[in-house]
Number of protein chains: 2
Amino acid sequence: MVKHALNAFFNPKSIAVIGASSQLMKWGFLILHNLVRGGYRGKLYPINRKEKEIFGIKAYPDVKSVGRQLDLVVVIVPAHAVPQVLRECAEVGVKYAIIIAGGFSETGVSGRNLQEEMVDVAKSSGIRLVGPNTMGMYSSTSNLTILMPPIPLRPGNIGFLSESGNLGTTMMQSGIVNGLGFSRYVSVGNQADMKIYEFLEYLADDKATEAILIYGEGLGKGREFLDVAKWVTRKKPVVVYKSGRSEAGAKAAASHVGAMVGSDRLYDSAFRQIGVVRAERSVEMVDMISVLSRQPLPKGNKIGILTYGGGWGVIASDFCGIYGLEVPPLSSELVKEMDKFMPPHWSKGNPIDTVGTLDGTIFRRAVEVVLESDDIDGLMVLGVGGFSFFIHYYRTFSLLTNRQLSEMKVALCDSETQIAKDLVELINKYNKPIIVTSMADVAMSDAARVLEDNGITNIPSPERGAKAMASLVDYSEYLRDLGKRKRKGKK
Amino acid sequence: MVKHALNAFFNPKSIAVIGASSQLMKWGFLILHNLVRGGYRGKLYPINRKEKEIFGIKAYPDVKSVGRQLDLVVVIVPAHAVPQVLRECAEVGVKYAIIIAGGFSETGVSGRNLQEEMVDVAKSSGIRLVGPNTMGMYSSTSNLTILMPPIPLRPGNIGFLSESGNLGTTMMQSGIVNGLGFSRYVSVGNQADMKIYEFLEYLADDKATEAILIYGEGLGKGREFLDVAKWVTRKKPVVVYKSGRSEAGAKAAASHVGAMVGSDRLYDSAFRQIGVVRAERSVEMVDMISVLSRQPLPKGNKIGILTYGGGWGVIASDFCGIYGLEVPPLSSELVKEMDKFMPPHWSKGNPIDTVGTLDGTIFRRAVEVVLESDDIDGLMVLGVGGFSFFIHYYRTFSLLTNRQLSEMKVALCDSETQIAKDLVELINKYNKPIIVTSMADVAMSDAARVLEDNGITNIPSPERGAKAMASLVDYSEYLRDLGKRKRKGKK
């Protein structure tokens, strides 16, 4: 039932924006702008007592004068005016209302009372509320962008729920820059009525969503969330970044969402038990959802590390170890095989150090041999994409002739771009995950662009790369264990 | 004595590049190119048996035919040829030799023997060796850039020693992009002769160096390093990123530097005892050295957090707590004072949440009031610089008129740039550290540019910002405790 109902929320046929404005910089201006510019194609009704039209769309003085049923209203009026607005909405049969304003339970006693009054109005009239204190939502299937910050949203397979609107939109922006696309996004706000677990439940069966990302503080107080997440992870990976690990953080979270947050240690072990993958830093949210939404799952935890230079290989190994991954030695057969084409002084071990070779064919052969081997379940490739900087530098600051520059570009960048193409091919051929880590700037590097366009995220450090690989391994192990338990249960 | 001797290494009057080449892409080409382009103004002698001149500089067939004493030679020949080259160097009175080639102790028995032979030649002739298996060095005071990778080096106050050449140059590049400058850099390689602690000793009294950054794996086996570091930290901050924390990492490090690495736990407690600040990820190297080389030290661990939105403030608090910093509540006087100018529904606590206000004057007053207060030793400011993205977006993808765009730019970016200028002013006025964290792209954001140009690093996440703040607090506490112990000792 909940799922069905939320279909209308994520694909409304008609929307009223109460508090829409033609005054630049007002939230009512920015949200309506993004809604229109985002390409929403249902019926759109700006509500404003004074304006006749906004962005060329006819405006109405109130919801009643629209004269039709509204699937969704976006309420952009100050907190104190919300209950009255909702009463008006009740009269015309509104299904969902997104309450943008802050100034409710997160601000103290009078705010809490106001929130209760608002919820009472909604409950008695059958309106479901999102928020208050929310920064909106996005839904790819109807080009629905109800957001204040400007985000050039790209449709994709990630569903994202956030207990902070500010963080949510920043992370979406970061994800999009890194080649990710989103199916749904909800900034759940104070969850006065609709709770984060209700949206999670919807995403579980949502065809547009293949992986789920969550930023949590109180997680709507928790118990229901864990109950729902437990069965969602059987269908789709769920990545959670939950703050409140330290006392200072828990206090801040409590004051932010206007509610106490549960013990972090309990959450941590619960997440592990039910297959939720936990990010430990905000950037890891993007790294993990990027690999979990696009890469094959590894069959085990044995990781190969391919590197141009020793230090980065050491760090990658170090963090593989820290995150519970194995960096197994290469079998003597594999070493013998690789001796045939690797440069002299290569490491003859794992990490596989090509000691700075610039020959792309060596790199490709190394990747292929390693992926073919049963000894390795997944591969980290360090440094691909960085050579673009060489050319950039030599173009602007060098003694090289044009001819030399172009020769260098062939030797470095073109070869590197070929490696990127090879990686895309090999990931499909062997169905094992490959994580590339380098500081390459996608705007500057063709190789990084090839990787990004083909679903291989370039993670900017080996520490984060190892953590992303660990998220694949952990989720894969969870599913395998689950399979075993199920089979046992059937006996 | 060591120090005096190293002056000639960091400021050589004459350099021969043995293996210099006019063949594009050879190391002998790239290193000589960077040396010339970097602006080294001493005497430079390319050594090549066949070439008459490279980059317009007269080349010599061997060091002997140069006919003068050489302070420094850069040896870019294959490993097996190094001992003979050194014998020739010995005849003409070379002081220092940088041995670029790998293929020595890191590759097995025959490599170890070759390394011993090389060291014997050097010792018997009084040549001090850097390397082998090094990627070179940099010295700001003589525009000396002996590096293969292209790095647009900026002179500055940071001395940097690295046990990985690849990592060293990447991190320098990252530092430079983030506004940092370097005084010295040495990729110490296998440390067959000169050890990392000898360079550290030099940096301690080097006037060009005000803060020291180190990437370590074995740290030249450790004991001497800790002995030297102990008195260096009394003069200058020392940031160390040491890998080998996990077994996999320790193994990889051992094979990379050709030596066993010591127990990580012992290092960790030793670092703490002697005031070395430890980075836990590669990116933190840049964050920490950036604040320790440019920001005032805080008098205590009480941190104020100023944020546009709740979630980021929660995360910043969380990580302040995790790293041992206090996020104290605001005194009722301070809250009363701030109530006068803050927007309604501001958090009335720490984190200080301006609930998305776009009024820059409010932000400035908040910063000033907080810095004035004795309750706060340092300030984290979250999100400054991000509004540039708004304008970028609306310029390329919006329904706004030019006039509206320009109005928006004034309201958002100009106000934000003013905040950045205010922060620069206030950091000097109150002599308390301010760490700004946002995902703003310096290339795109005027505010971020103002901060960078004035020594306030923009750290891209609150987690890293908190860690950088903790490095300031930890070092400051170490110095204070040291002062107390000294005073007690004198009684």
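As shown above, the structure is provided for reference.
None of these values were measured; they are calculated from a predicted model. (Residues numbered from 1 in each chain as written. Chains lettered and ligands numbered in written order. Predicted model: local features only at pLDDT ≥ 70, side-chain atom pairs only at ≥ 80, totals over all residues.)

## Focus: the sheet that holds strand 2 (residues 43-47) of chain B
All names here are of chain B.
Here's step 1: Taken together, 5 strands build an open sheet; the order of strands is 2-1-5-6-7 and the sheet is parallel. Edge strands, defined here as strands with exactly one partner in the open sheet, are strand 2 and strand 7 (128-130). Averaged over all pairs of adjacent strands, the angle between their axes in this sheet comes to 20°, without regard to strand direction.
Here's step 2: The sheet contact formed by strand 5 (residues 72-75) and strand 6 (residues 96-99) spans 4 bridges and is parallel. Bridge pairing links Leu72 to Tyr96 in strand 6. (Pairing = 2+ DSSP bridges. Helix = DSSP H or I, 4+ residues; strand = E, 2+ residues; numbered from the N terminus. Axes fitted to C-alpha atoms, helices over the stretch in contact; angles between N-to-C directions.)

## Focus on the environment of Ala101 of chain B
All names here are of chain B.
Here's step 1: Following the sequence through the fold, Ala101 ends up in the loop between strand 6 and helix 5 (109-125).
Here's step 2: Under the C-beta neighbour-count criterion, Ala101 is labelled buried, with 23 such atoms within 10 Å.
Here's step 3: Counting along the chain gives 54 residues from Ala101 to Ile47, while the straight-line C-alpha distance between them is 16 Å.
Here's step 4: Setting aside residues up to four positions removed in sequence, Ala101 forms contacts with Val77, Pro78, Ala79, Val82 and Pro132. (Buried ≥ 20, exposed ≤ 12 C-beta atoms within 10 Å, placed from the backbone. Contact = placed C-beta atoms within 7 Å.)

## A short note on the pairing of strand 10 (residues 155-162) of chain A
Residue and element names in this part refer to chain A.
Here's step 1: Buried residues dominate strand 10, accounting for 7 of its 8 residues.
Here's step 2: Pairing of strand 10 with strand 11 (residues 182-187) involves 6 bridges; the strand directions are parallel. Along strand 11, the bridge assignment pairs Phe160 with Tyr185.
Here's step 3: Taken together, strand 10, helix 5 (residues 165-177) and strand 11 form a β-α-β motif whose crossover is right-handed. (Right-handed = clockwise from strand over helix to strand, strands pointing away.)

## Points about the interface of chain B and chain A
Here's step 1: Taken residue by residue, the interface counts 66 residues in chain B and 66 residues in chain A.
Here's step 2: Mapped by element, the contributors of at least two residues to the side of chain B that touches chain A are helix 2 (27-37), helix 6 (165-177), helix 9 (247-257), helix 11 (282-292), helix 12 (310-322), helix 15 (387-396) and helix 16 (402-430) of chain B.
Here's step 3: By residue number, the principal contributor to the side of chain B that touches chain A is helix 12 of chain B, which donates 11 residues.
Here's step 4: When its residues are assigned to classes, the side of chain B that touches chain A shows 30 nonpolar, 28 polar and 8 charged. (Nonpolar A, V, L, I, M, F, W, Y, C, P; charged D, E, K, R; others polar.)

## Details of the relation of the copies chain B and chain A
The relation between the two copies of this chain is a rotation about an axis and a shift parallel to it.
Here's step 1: With an RMSD of 0.0 Å, the fit of chain B onto chain A corresponds to turning through 180° and sliding 0.0 Å along the axis. Look at the turn and shift together and you get a two-fold axis relating the two.
Here's step 2: Take the interface residues of chain B: 98% of them recur as interface residues in chain A, which is what a same-surface contact looks like. (Least-squares fit on C-alpha atoms with pLDDT ≥ 70 in both.)

## Examining the environment of Phe319 of chain A
Residues and elements named next belong to chain A.
Here's step 1: Looking at the element boundaries, Phe319 is found in helix 11 (residues 310-322).
Here's step 2: For Phe319, a count of 27 C-beta atoms within 10 Å corresponds to the buried category.
Here's step 3: Taking the C-alpha atoms as reference points, Phe319 and Ala466, 147 residues apart in sequence, are found 5.9 Å from one another.
Here's step 4: The contact partners of Phe319, leaving out residues within four places of it in the chain, are Pro462, Glu463, Ala466 and Lys467.

## Overview of the pairing of strand 11 of chain A
Residue and element names in this part refer to chain A.
Here's step 1: Within strand 11, 6 of the 6 residues are buried, leaving the element largely enclosed by the surrounding structure.
Here's step 2: Strand direction decides the pairing type here: strand 8 (residues 136-139) and strand 11, joined by 3 bridges, are antiparallel. Among the inter-strand pairings, Tyr138 is bridged to a residue of strand 11, identified as Tyr185.

## Things to note about the nonpolar core
Here's step 1: Within the largest apolar cluster, 304 residues are counted, with the highest numbers of intra-cluster contacts made by Leu200 of chain A together with Leu200 of chain B.
Here's step 2: The residues contacting Leu200 of chain A, other than those within four sequence positions of it, are Leu161, Ile212, Phe225, Val228, Ala229 and Val232 of chain A.
Here's step 3: Listed in part, the 8 residues of the second largest apolar core include Ile391, Tyr394, Met408 and Leu412 of chain B. (Core = buried A, V, L, I, M, F, W, Y, C linked by C-beta atoms within 7 Å.)

## So, the environment of Ala279 of chain A
Residues and elements named next belong to chain A.
Here's step 1: Positionally, Ala279 belongs in strand 14 (residues 277-279).
Here's step 2: Ala279 gets classed as buried once you count the C-beta atoms within 10 Å, which come to 22.
Here's step 3: Beyond its immediate stretch of four places on either side in the chain, Ala279 contacts Val239, Val240, Tyr241, Glu284, Met285 and Met288.

## So, unusual backbone geometry
Peptide bonds are, in most cases, trans, and in most cases residues other than glycine have a negative phi.
Here's step 1: Going from Asn350 of chain A to Pro351 of chain A, the amide bond is cis rather than trans, its omega being 10°.
Here's step 2: You can see Pro351 of chain A is positioned in the loop between helix 12 (332-339) and strand 16 (352-353).

## Concerning the sheet that holds strand 1 (residues 14-18) of chain A
Residues and elements named next belong to chain A.
Here's step 1: Taken in spatial order, the 5 strands line up as 2-1-5-6-7 in an open sheet, and their pairing is parallel. At either margin of the open sheet sits one strand with a lone partner, and together these are strand 2 (43-47) and strand 7 (128-130). Direction aside, the axes of adjacent strands within the sheet are offset by 20° on average.
Here's step 2: With 4 bridges joining them, strand 1 and strand 5 (residues 72-75) adopt parallel strand pairing. In the sheet register, Ile18 faces strand 5, and the bridge partner there is Val75.
Here's step 3: Sheet contacts for helix 2 (residues 27-37): strand 1, strand 2 and strand 5; angle to strand 1, the most-contacted strand, approximately 160°.

Purely geometric stuff here, so don't read any function into it on its own.
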